[in-house]
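# Summary of structural features
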Amino acid sequence: RRRAVAAAAGRANAQLPGGASAQKMPNLDVKVLRYMSSDEFRVLTACEMGMKNHEVVPSALIESISGLKRGGAYKLIRLLAKNKLVAHSSKPYDGYRLTSKGYDYLALKTLCKRGSLSAIGIQVGVGKESDIFTAVTPEGEEVALKLHKLGRTFRTLKNNRDYTRPGQSFNWLYMSRLSALKEYAFMSALHAKGLPVPTPIDVNRHCVVMSLAHGFQLNSVQRLLHPAAVFSSLMELICTLASYGLIHCDFNEFNLLIDDEEKVTLIDFPQMISTSHPNAAFYFDRDVECVRAFFRRRFGFEATQVPQLDVDTSNLHELDVALAASGWGASQQREFEAVGEELAMGAADGGEAAGQEDEGEEGSEGEEDEEAAVAVGRPSHRADGKVFYRQMKKGEE
């Protein structure tokens, strides 16, 4: 199966900048990315930066931020809209907004320029909040590319429930960025401690690059040679996470990979919480019960004793310093929880805006530029194009 995946990744029919290739796929078609000019990326980044304060970015503001002439900027905007990288909107005023595909292109361009990716393969996984693809680094190593796509399931919920007011929308791209940053930070901290997790490689916007974990999803396994040993190792893993002050909160058969030697790899970390959380005991018991119920249902194995948070774990390590070094500190956690509660309760006042960091990759062709823009808050209709332009120029310098 692994050989088949690698062979499929090698039979690529489209290329990323710098010789990167990709097989045609419905959710991540990067053929257009190969032929995009630096000015097109400059306009696309200007639209991303403009969405910091706007739900819909006026064409004049995009022109001001990009620094291009009026005729050239307008022509590129129309071309980006034709390729569905930006979307036109005439309400409440005429302008454009960044689409999910355009956000994918910005992240892939940056990862490719950093040397983290050179080829995109096939889609190997899809979930409620993410898509996973195979990829290849410039050194020829096969890796996994995870694109966080928050909002796909909540949009249906919003349409079927009266949780929000009519016409209300949310900043889903910003939430996807926070989710990716949190997963990368937790994965880096756990990998540094030697836990069985994929090796984190790079992150940009809503994309996380990690090592490809070879194995099968535990949910697809019909028989284990040593179910008791595997169950015991899973309980030990839950307790080890708790000893580091963390609870997975989604520890089930869908987020566990097992190889031919019955060694387990843990994936999916955006929902992890601290053991100091008020509901830590509840989530710990829920993780244990999910694994226990699955082993009873699938393998006929019934555990006579399971661990408890207050009895079988001890807080031996603190990962606050490691998480802060990886880019996820207390302020990011508070921001992530605040935006999450805002989305769930329908209390947001803004529109569906992207809030991301600009990598300035459209400027010089030499060394990688500094990041020029960061997270996006609620959209308002007040912005100064000159301020954004100065930020972009500073990043290029």
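Summary of the structure given here. (Residues numbered from 1 in each chain as written. Predicted model: local features only at pLDDT ≥ 70, side-chain atom pairs only at ≥ 80, totals over all residues. Heavy atoms only, no water.)

## A short note on the overall build of the protein chain
Formally: Secondary structure counts use DSSP, requiring at least four H or I residues in a row for a helix and at least two E residues in a row for a strand, with both numbered from the N terminus. Any two residues having at least one pair of non-hydrogen atoms within 4.5 Å are treated as being in contact. Working definition of accessibility: Shrake-Rupley area with a 1.4 Å probe, residue cover restricted to the visible protein chains.
A count of helices and strands for the protein chain gives 14 helices and 14 strands. Sequence separation of 24 or more characterises 67% of the internal contacts of the protein chain that already satisfy a separation of 6 or more. Of the accessible surface of the protein chain, which amounts to about 19,100 Å², a share of 50% is contributed by carbon and sulfur atoms.

## Re the sheet that holds strand E12 (residues 256–258)
How we decide: Should DSSP find at least two bridges between two strands, the strands are regarded as paired. To obtain each axis, a line is fitted to C-alpha atoms, and for helices this fit is confined to the stretch in contact; angles are then taken between N-to-C directions over 0 to 180 degrees.
Here three strands make up an open sheet; going across it, the order is E10-E12-E13 and the pairing antiparallel. At either margin of the open sheet sits one strand with a lone partner, and together these are strand E10 (216–217) and strand E13 (264–266). When E12 meets E13, the two strands line up antiparallel, connected through three bridges. Across the sheet, residue Leu-256 finds its bridge partner in E13, namely Leu-266. Strands E12 and E13 of the sheet are contacted by helix H9 (residues 227–243), whose axis makes an angle of about 30 degrees with E13.

## Thoughts on the environment of Phe-284
Here Phe-284 lies in helix H10 (residues 280–298). The spacing of Phe-284 and Pro-307 is 23 residues in sequence and 9.3 Å in space, taken between C-alpha atoms. Residue contacts for Phe-284: discarding those within four places in its chain leaves Ile-238, Cys-239, Ala-242, Ile-247, Pro-307, Gln-308, Leu-309 and Thr-313.

## Brief notes about the side chain of Thr-137
Along the chain, the position of Thr-137 falls in the loop between strand E6 (130–136) and strand E7 (142–148). If sequence neighbours within four positions are ignored, Thr-137 has contacts with Ser-116, Leu-117, Ser-118 and Val-143.

## Focus: the environment of Tyr-244
Assignment of secondary structure puts Tyr-244 in the loop between H9 and strand E11 (246–247). Put simply, Tyr-244 and Ser-274 are 30 residues apart on the chain and 9.0 Å apart in space, counted from C-alpha to C-alpha.

## What about the nonpolar core?
Let me state the cut-off plainly: Only buried Ala, Val, Leu, Ile, Met, Phe, Trp, Tyr and Cys residues count toward a nonpolar core, and they belong to the same one when joined by side-chain atoms within 4.5 Å. The rule is simple: take the accessible area with a 1.4 Å probe, protein chains only, and divide by the maximum for that residue type; under 20% is buried, over 50% is exposed, in between is partly exposed.
Counting residues in each nonpolar core, the largest one holds 44 residues, and the members touching the most others are Leu-234 and Phe-295. Among the secondary structure elements, those contributing two or more residues to this core are helix H8 (172–192), strand E9 (207–211), H9, E11, E12, E13 and H10. Take this core: its biggest share by element is nine residues, from H9. Discounting residues that sit within four places of it in the chain, Phe-295 has contacts with Leu-218, Leu-224, Pro-227, Val-230, Phe-231, Leu-234, Gly-300 and Phe-301. Core analysis: the second largest hydrophobic core is formed by 40 residues, Val-86, Leu-98, Tyr-103 and Leu-106 among them.

## Overview of the packing of helix H3 (residues 38–50) against helix H4 (residues 59–66)
Test applied: The handedness criterion is simple: a crossing whose near helix is rotated anticlockwise from the far helix by less than a right angle is left-handed, and one whose near helix is rotated clockwise is right-handed. Each residue is assigned to one class: nonpolar for Ala, Val, Leu, Ile, Met, Phe, Trp, Tyr, Cys and Pro, charged for Asp, Glu, Lys and Arg, and polar for all the others, Gly among them.
As a packed pair, H3 and H4 sit with axes 8 Å apart at the nearest point and diverge in direction by 115 degrees. In this structure, H3 crosses over H4, and the sense of that crossing is right-handed. Every residue of H4 that contacts H3 at Arg-42, Val-43, Ala-46, Cys-47, Met-49 and Gly-50 is listed here: Leu-61, Ile-62, Ile-65 and Ser-66. Looking at side-chain class alone, the contact of H3 with H4 contains seven nonpolar, two polar and one charged residues.

## A closer look at H3
This is how it is decided: The span expected for a helix works out to 1.5 Å for each residue beyond the first.
The first and last C-alpha atoms of H3 sit 18 Å apart over 13 residues, in line with the 18 Å expected at 1.5 Å per residue. The buried fraction of H3 is high, at eleven of 13 residues. All of the buried residues in H3 are Glu-40, Phe-41, Arg-42, Val-43, Leu-44, Thr-45, Ala-46, Cys-47, Glu-48, Met-49 and Gly-50.

## With respect to the environment of Asn-255
This is how it is decided: For the purposes of these results, a polar contact is taken to be a pair of N or O atoms within 3.5 Å, where, inside protein, one atom must be able to donate a hydrogen and its partner to accept one; residues adjacent in sequence count only when each atom of the pair is a side-chain atom.
With respect to the helices, strands and loops of the structure, Asn-255 is situated in the loop between E11 and E12. On the accessibility criterion, Asn-255 (8% relative accessible area) is buried. For the pair Asn-255 and Asn-219, spaced 36 residues apart in sequence, the C-alpha to C-alpha distance is 8.8 Å. Those residues in contact with Asn-255 that sit more than four places away from it in its chain are His-248, Asp-250, Thr-265, Leu-266, Ile-267 and Asp-268. Here Asp-250 takes part through its backbone oxygen, which lies 2.8 Å from a polar atom of the side chain of Asn-255.

## Considering unusual backbone geometry
Cis rather than trans, the peptide bond between Lys-91 and Pro-92 has omega equal to 0 degrees. With a phi close to 65 degrees, Lys-84 is a non-glycine residue in the positive phi region. Accessibility expressed as a relative area gives 61% for Lys-84, which makes it exposed. The residue Arg-205 is not glycine, and still its phi comes out positive at about 55 degrees. In this structure, Arg-205 sits in the loop between strand E8 (200–204) and E9. On the accessibility criterion, Arg-205 (2% relative accessible area) is buried.

## Describing the pairing of strand E5 (residues 119–126)
Pairing between E5 and E6: five bridges, direction antiparallel. Bridge pairing links Ile-120 to Ala-135 in E6. As consecutive antiparallel partners, E5 and E6 are separated by three residues.

## Some remarks on the pairing of E7
Buried residues dominate E7, accounting for six of its seven residues. As paired elements, E6 and E7 share seven bridges and run antiparallel to each other. Counterpart to Ile-132 in the pairing with E7 is Lys-146. Between the antiparallel neighbours E6 and E7 lie five residues, among them Gly-140 with a positive phi of about 90 degrees. In the sheet, E7 pairs with E9 via five bridges, with the strands oriented antiparallel. If you follow Val-143 over to E9, its bridge partner there is Ser-211.

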